[in-house]
Amino acid sequence: MEKIIENYALEGKLLDIHTYPDPVLTKVAEEVAPEEFNQELKELCKNMLYTMYHAPGIGLAAPQIGISKRIFVVDIDYDREETAEGSDEYTLSNFQPEVFINPVIKNKEGEITYQEGCLSLPGIYEDVKRFENIVVEYQNTDGEKLEMNADELLSICIQHENDHLDGIVFIDRLSGLKKSFFKKKLLKQKRLKS
Ligand code: NI
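A brief structural summary.

About the criteria used
- Residues numbered from 1 in each chain as written.
- Predicted model: local features only at pLDDT ≥ 70, side-chain atom pairs only at ≥ 80, totals over all residues.
- Heavy atoms only, no water.
- Core = buried A, V, L, I, M, F, W, Y, C linked by side-chain atoms within 4.5 Å.
- Buried < 20%, exposed > 50% of the residue type's maximum accessible area, 1.4 Å probe, protein only.
- Helix = DSSP H or I, 4+ residues; strand = E, 2+ residues; numbered from the N terminus.
- Salt bridge = Lys/Arg side-chain N within 4 Å of Asp/Glu carboxyl O.
- Donors = N, O, S within 2.8 Å, 3.2 Å for Na, K, Ca; no water.
- Expected span 1.5 Å × (residues − 1).
- Contact = heavy atoms within 4.5 Å.
- Polar contact = N/O pair within 3.5 Å; in protein donor to acceptor, adjacent residues only side chain to side chain.

### What to know about the nonpolar core
- Leu 41, Met 48, Tyr 53, Ile 71, Val 73 and Ile 101 are the most contacted members of the largest nonpolar core, which has 20 residues in total.
- Of all elements in the fold, only helix H1 (39–54), strand E2 (71–74) and strand E5 (98–109) reach the threshold of two or more residues within this core.
- With seven residues, H1 is the single largest residue contributor to this core.
- One finds Val 74, Ile 105, Ile 134 and Ala 150 within the second-largest nonpolar core, a separate group that totals 15 residues.

### Some thoughts on the pattern of salt bridges
- Scanning the entire structure with this criterion turns up 11 salt bridges.
- Between Asp 142 and Lys 42 there is a salt bridge, and its shortest N-O distance comes to 2.8 Å. With Asp 142 in the loop between strand E8 (133–139) and strand E9 (145–151) and Lys 42 in helix H1, this pair connects stretches of sequence that are 100 residues apart.
- Overlapping salt bridges, with partners in common, bring together Glu 116, Arg 130, Asp 163 and Arg 173 in one network.

### Considerations on the coordination of the nickel ion
- The nickel ion binds to the protein through Cys 118 (SG), His 160 (NE2) and His 164 (NE2), with metal-donor distances spanning 2.1 to 2.3 Å.
- Here the donor residues of the nickel ion are spaced in sequence according to C-x41-H-x3-H. Highlighted residues: His 160 and His 164, both in helix H2 (residues 152–165), separated by four residues, approximately one helical turn.

### Considerations on H1
- Between its first and last C-alpha, H1 extends 23 Å over 16 residues, near the 22 Å set by a 1.5 Å rise per residue.
- Among all positions of H1, only Leu 41, Leu 44, Cys 45, Asn 47, Met 48, Leu 49, Tyr 50, Thr 51, Met 52 and Tyr 53 are buried.
- In this structure, the buried side of H1 is in contact with strand E1 (59–61), E2, strand E3 (79–82), strand E4 (90–93) and E5.
- The opening residue of H1 is Asn 38, an N-cap whose side-chain oxygen sits 3.1 Å from the backbone nitrogen of Glu 40.

### Comments concerning the side chain of Glu 116
- Relative to the assigned elements, Glu 116 resides in strand E6 (residues 112–116).
- By relative accessible area, which is 3% here, Glu 116 ends up buried.
- Of the polar contacts made by the side chain of Glu 116, one reaches the side chain of His 160; its length is 2.8 Å.
- When residues no more than four places from it in sequence are discounted, the contact partners of Glu 116 are Ile 124, Tyr 125, Glu 126, Val 128, Arg 130, Ile 156, His 160 and Phe 170.

This is the structure we're talking about:
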């Protein structure tokens, strides 16, 4: 497991988060090739974490910042507090950043339902059914192969982010009726903004 790097949240570049119906969100992302494990990849992951912490969100996948590669970052543990009541400045602490490159979910067991949201689908929160326990194989930014057992929120978050790599957004996991309702709602939001 990668060491906790506290300055992940303090240094970095804010990346643009792409929102539905941006076509990058419905594409199957490409594997990160062995020669791509370099400084540029580390920089990208750092900026993804920075963007996630500042959004704020608990996970961010590369397609959400317009890069169709099999990479996502997760932190379900960090705290975010207003520096003063009513302030729009926040302090972040207790980081547990995780980077997953070329992840493959192996074992899937049990069932858990949780109200999910997504930085690419602003304003939508819905219950989604997922596997409760998973085992995920992945690589870190050094290209080392690792394996992690995840349950509860971490398991949900990994499955949500992994779906982004397959061009799936969480409303695709809802019933047909709900799915088309939310897709229409997002398209309307988009039209109103542009
Ligand atoms: Ni998402």
